[in-house]
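One letter stands for each residue in the lines below.
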Amino acid sequence: MKQTTIREGIKHLLSTEPGFQNFVPHEKIELFLRPAGFEGICALVIEQQISVAAANSIKKRVFGLMKKVNAREFLKLKDDMIRNAGLSRPKINYLKGVAEKEVNGQFNFEHLEKLNDKDAHDYLCQLKGIGSWTADCYLMACLGRADIWPVGDIGLQESVKKLKNLKERPSVEDMTSIARDWRPFRSVAANLLWADYD
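Being a predicted model, the structure only gives us computed values, none of them experimental.

Basis of the calculations
Residues numbered from 1 in each chain as written. Predicted model: local features only at pLDDT ≥ 70, side-chain atom pairs only at ≥ 80, totals over all residues. Heavy atoms only, no water. Core = buried A, V, L, I, M, F, W, Y, C linked by side-chain atoms within 4.5 Å. Buried < 20%, exposed > 50% of the residue type's maximum accessible area, 1.4 Å probe, protein only. Contact = heavy atoms within 4.5 Å. Helix = DSSP H or I, 4+ residues; strand = E, 2+ residues; numbered from the N terminus. Salt bridge = Lys/Arg side-chain N within 4 Å of Asp/Glu carboxyl O.

Q: Tell me about the nonpolar core, and please be specific about residues and values.
A: If you look at the biggest cluster of nonpolar residues, it comprises 62 residues, and the most contacted ones within it are Val62, Phe74, Leu124, Trp149 and Trp182. Not counting residues within four places of it along the chain, the set of residues in contact with Val62 comprises Ile46, Phe74, Ile82, Ala85 and Leu87.

Put into structure tokens, the structure is as follows:
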């Protein structure tokens, strides 16, 4: 995301949700960023449903097995090597599947970049092991899309609970309706809320 988008987004969010003033840092916002392409998908699959510290440790070890993190290099790795680096068998299978599809031309990251948010989300979700959270995070963190809102993310739900002074974590439906007025800058909202949660 460009700095101008972030500035516009913060201005819009403060006008629609004054509570955001407690979430805007005085220094620069730490954005959730990942590289585009296979490396980004690889990072996000590793990060699924584990702590930030565990994910960073596994990522470092898995990425260290390759000269360059890409689909071809990943397919050269033996499963036991990746397993010893800390990655679970299902995640190894998901990433091998993505890598094979990219190498065989059945999935194209450059084509993905040309699609609108909904079509790009659906295109990613056709890959085994890539659900809504991973697709949303790819669009936001790897492609810099400005209006992505991962409704099922527990960290975001906790921060929205704090923002709105709720008694319990909002449901997926609540998350959608609460963030409706934050469009078209829901990615900016997500980054502000995540920074507070972390």
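Q: For helix 2 (residues 38-47), give the residues involved together with the corresponding values.
A: Counted residue by residue, helix 2 has nine buried out of 10 residues, so it is predominantly covered. Turning to helix 2, its buried residues number three or more, namely Phe38, Gly40, Ile41, Cys42, Ala43, Leu44, Val45, Ile46 and Glu47.

Q: Give a detailed account of the pattern of salt bridges, specifying residues and quantitative values.
A: What the rule picks out here adds up to 10 salt bridges. For the salt bridge of Arg186 with Asp147, the shortest nitrogen-to-oxygen distance reads 2.9 Å. Taken as a pair, Arg186 in helix 12 (residues 186-197) and Asp147 in the loop between helix 9 (132-142) and helix 10 (154-163) lie far apart in primary sequence, 39 residues in all. Residue Asp147 is classed as buried on the basis of its relative accessible area of 18%. Residue Arg169 is joined to Glu158 by a salt bridge in which the shortest nitrogen-to-oxygen separation is 3.5 Å.

Q: Go over the environment of Ala54, please, and point to the residues and values.
A: With respect to the helices and strands, the residue Ala54 is situated in helix 3 (residues 52-63). Of the residues examined, Ala54 reaches a relative accessible area of 31% and is grouped as partly exposed. Distance in space between the C-alpha atoms of Ala54 and Leu95 is 18 Å, their sequence separation being 41 residues.

Any functional reading would require information that these geometric values do not contain.
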